[in-house]
Amino acid sequence: MDEKTPKVLVIGAGISGIRCALDLAESGHYVFLVEKSPAVGGILNQLDYQFPDNHCGMCRMLPMINRDSGSQFCMRRGFFHENISVFTSTRVVSIDGNPGHLTVRLSRLPEGVDPERCTLCGECEAVCPVTAPDRFNAGIGERKAVYYAVPTRISSFPVIDWEICTRCNACVEACVSDAIDLDGEAKDILLEDIGGVILATGIPMVDPEQFDVYGYGVLPNVVTATEFERILSSIGPFKGKPVRPSDEKRIQRIAWIQCVGSRNVMIGADYCSNTCCMIAVKEAVLAKEKIGRGVDTTIFYMDMRTFGRDFQRYRDRAENELGVRFVRCRVHSIEPDDQPGDLKLAYVDGYGKQIDELFDLVVLSTGHQPGQPLSDFAGGQNFQEGLEVVSSAQGLTDISAAVLGADAASERTARRIREIGQTPAISNATQHTGDSVNIFKKRHRIQVVLCHEEAKTEQLVDWEKIETGLNILPGVLNVAHAGVECSQNGWEAVQRALQESHANRLILVANKPYNLWPRIEELYRNTGLLSSLVEVVYLNLPSSAHYDLSQTTEGALKAVEMAVNRLRTRMPPSGLSVPVVKAALVVGGGPSGMSAAAALAAHGISVFLVEKSDKLGGNLAHIVDEETRSVVEKLIREIESDSNIHIYFGANVVESIGSAGRFYTCIRLPSEEAVFIDHGVFIVATGGRPSNIDAYGFGGHESIMTQFELEKRLSDPDFSGESLKTVVMIQCAGSREEPRNYCSRICCLKAIKNAIKIKERHPKADVFIFYRDMMTYGESERFYTRARKKGVLFIPFDTKNKPQVSIGSGGPVVEGVDPILGTGVQLKPELLALSSGLIPNPVEGLALTLRVETT
């Protein structure tokens, strides 16, 4: 690390922290990534699948372009980035000084197990006599005092739980590589001249045992959502078998109870935890896929908050295609049934009927722990200047929101560091010299190194048969055995084989390849071997006794053969390197486009801002809230005064060619003049507009309007509203159904704020809101609570039983059903407001020009 390289401390190595570290490391900063637990990855390590596509969330952590050259094909490889130092089992003691010259004091627990010596044989864990609840499996089952913090053992070595370690020396005596030291002490680490600090510590989940409501901690088959994830996991306490904890009976009936520890003013948790609804839906879908379509899955909820991209479609698929049952109610209680292990839920359905229902397992959807303060240096009176707090450190977020919050925090940190005069040196691309390009033209000399631990893998695969099969392949120069793959001796054997064979291509075959990445990066630096001419084959050998030797050997041989063929046919990178044009074209002058332009300009990047209208601000004309208007207006002034930002009003993009790094774009001005712009990146921020409404009598009477129109009317000083006796609002008017089957995110909160304004000015007026699900997620739940306290009446409906609107002689008539009273309601409001939702502004021509898909 160069002394002039800006340094950043990131506290917390969960998904947000790792993303921050990767963002900053890739942009030329040096990052110290500090994690108090023994392993990086946070809660993501415990989740096998994430909504809305049921895939692993690791890839969302990565750069979108040139991932391999960025040293990532999986999030975990970022742990070995040359610009990132990771400190696990480490806590921050203090932060002092000013941005650019911050001094940070850390305290790091002793490693206990030397990763340079450890061979991952597992003998220490096998002989350890001390056990404790398995925290990785959310307390289900036990683990040893010496254990793998992440059982997959990917990028993980055994660690010591110093709180329960008895120092009996059983592990020391069992370790043949002398890798364990139980006499180490905590170390103080001093980091100086730190440019900025990012707090990405996450937030703990609520412990439902403290509420003593649903029998958690007493009834063994009442579990949390995290525990359910571990129950179904193939590396969980039951090895993926869908059984319940009490008696390991196969699960056939599962219930999810929402809002445990959140949306509850009695415990000081008057907020929504954002993620619980979608976690429950995902787990119900997962149960259907893992256990079978015949499993009964029921979600008991107040509001299903499917406010994210594609979330509503995910929920619809769960209900309509997979048969997940959704019941809107508050479960009264859970009691043990006469049949041991079974659970009886008591609740009142939507028609007021008392129902008792039996389940094998009940999953509590727990939110985040209420009232969690930030660290002293982050949230107290001594708030540290130069510190950024990511959104996920203040409340639960899904993966996408965590990544976006991390991106924002890392950009703000990089901007602040630049403002104090520290600028990272970044090369545009890896330069390939003539000699390195000639390597691709030389005769293939492929060195294959088989890295394995004889005692553990000899019976799982026939290594001699693999060696024989590889030696006859064209291009394979030599096959060497490195023995124990992760030991220093094993790695020295790899380098010896490479040097002695004078190979120009390398294939490493390993059962645990992630542990090799730090040394592979060292190999690139020491030998000049091109990363594109190195292949690592992950065999993923079975860990149980249920395998067929011939099948595992054949599979391993085929995997290595494919790697050989890839290296034999690999060509030099097309075009070698292309410098990135240090300019950006931003299409759209609303708040999003302006924010992007301001951020880029702050880093010295030229920005061309294209706006089709004659002024900036987007929907500013429709914004009534003074605070929001002030923020947007301030942003406009900043944009207009920035010499790095060039604004084109009344302009449209008509053609663009090129690819990431270098685009050549033509825009047309109102004068029909064509302007050609050379730029490296494209940002499309064309915004949205209220959707058209063809329901509920819209357009048939002057008193029927959108929420946007009502908001304007309420802000008009000439509107008194003295005659208002009844106001009705209908949510999801044309959204959350095909073809606009998504939540627009702002409609519910806008409706509630309008309702509160009406009740504050005219307390005697009746305000009714017909809704499907109130999407007041996060802190906006407090507005929902406030509206209920003021007497706003909420009437739920579903798509099969929507309210009906007719136009009478005196205006609109709204008819619906109150499910609580079980009776029909007829209302004759003076005002009927429809929440129409948003649709994207027309971008068909632009999308075609840029050759991108729209959703």
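What counts, and where the lines are drawn
Residues numbered from 1 in each chain as written. Predicted model: local features only at pLDDT ≥ 70, side-chain atom pairs only at ≥ 80, totals over all residues. Heavy atoms only, no water. Phe/Tyr/Trp six-rings, centres within 6.5 Å; stacked < 30°, edge-to-face > 60°. Helix = DSSP H or I, 4+ residues; strand = E, 2+ residues; numbered from the N terminus. Buried < 20%, exposed > 50% of the residue type's maximum accessible area, 1.4 Å probe, protein only. Pairing = 2+ DSSP bridges. Axes fitted to C-alpha atoms, helices over the stretch in contact; angles between N-to-C directions. Contact = heavy atoms within 4.5 Å. Patch = residues over 30% accessible without salt bridge, like charges linked within 9 Å, V, L, I, M, F, W, Y side chains within 5 Å. Areas by Shrake-Rupley, 256 points an atom, 1.4 Å probe, with all protein chains shown as cover. Salt bridge = Lys/Arg side-chain N within 4 Å of Asp/Glu carboxyl O. Lys, Arg positive; Asp, Glu negative; His and termini not counted. Charge placed at Lys NZ, Arg CZ, Asp CG, Glu CD.

S.K.: Tell me about the packing of aromatic side chains, and please be specific about residues and values.
M.R.: Counted by the stated rule, this structure contains twelve aromatic pairs. Residues Tyr 771 and Phe 794 carry aromatic rings whose centres are separated by 6.1 Å and whose planes lie at 85 degrees to one another, so their mutual orientation is edge-to-face. Remark: Phe 794 occurs in strand S36 (residues 793–796) and Tyr 771 occurs in strand S35 (residues 766–771); sequence separation between them is 23 residues. Using a relative accessible area of 7% as the deciding quantity, one classes Tyr 771 as buried. By relative accessible area, which is 14% here, Phe 794 ends up buried. An angle of 75 degrees between the planes, with centres 4.8 Å apart, marks the rings of Tyr 784 and Phe 794 as edge-to-face. Placement of Tyr 784 in helix H19 (residues 781–789) and of Phe 794 in strand S36 is noted, with a sequence separation of ten residues between them.

S.K.: How would you explain the sheet that holds strand S37 (residues 804–808) if you had to name every residue and give the values?
M.R.: Hydrogen bonds along the backbone pair up the strands of a sheet, which may run parallel or antiparallel. With respect to topology, three strands assemble into an open sheet ordered S37-S38-S39, the strand pairing being antiparallel. Each having just a single partner strand, S37 and strand S39 (823–827) make up the two edges of the open sheet. Each strand of the sheet is rotated relative to its neighbour by a mean of 20 degrees, with strand direction disregarded.

S.K.: Give me the lowdown on the side chain of Glu 229, citing residues and values where you can.
M.R.: When you line up the elements, Glu 229 lands in helix H4 (residues 225–232). Glu 229 sits in the buried class, given a relative accessible area of 5%. Residue contacts for Glu 229: discarding those within four places in its chain leaves Gln 46, Leu 47, Asp 48, Lys 282 and Glu 283.

S.K.: Now, about a negative patch on the surface: what can you tell me, with residues and values included?
M.R.: Where like charges cluster on the molecular surface, the negative patch consists of Asp 178, Asp 181, Asp 183 and Glu 185. Along the chain, Asp 181 turns up in the loop between helix H3 (170–174) and strand S10 (187–194). The exposure class assigned to Asp 181 is partly exposed, which follows from its relative accessible area of 42%.

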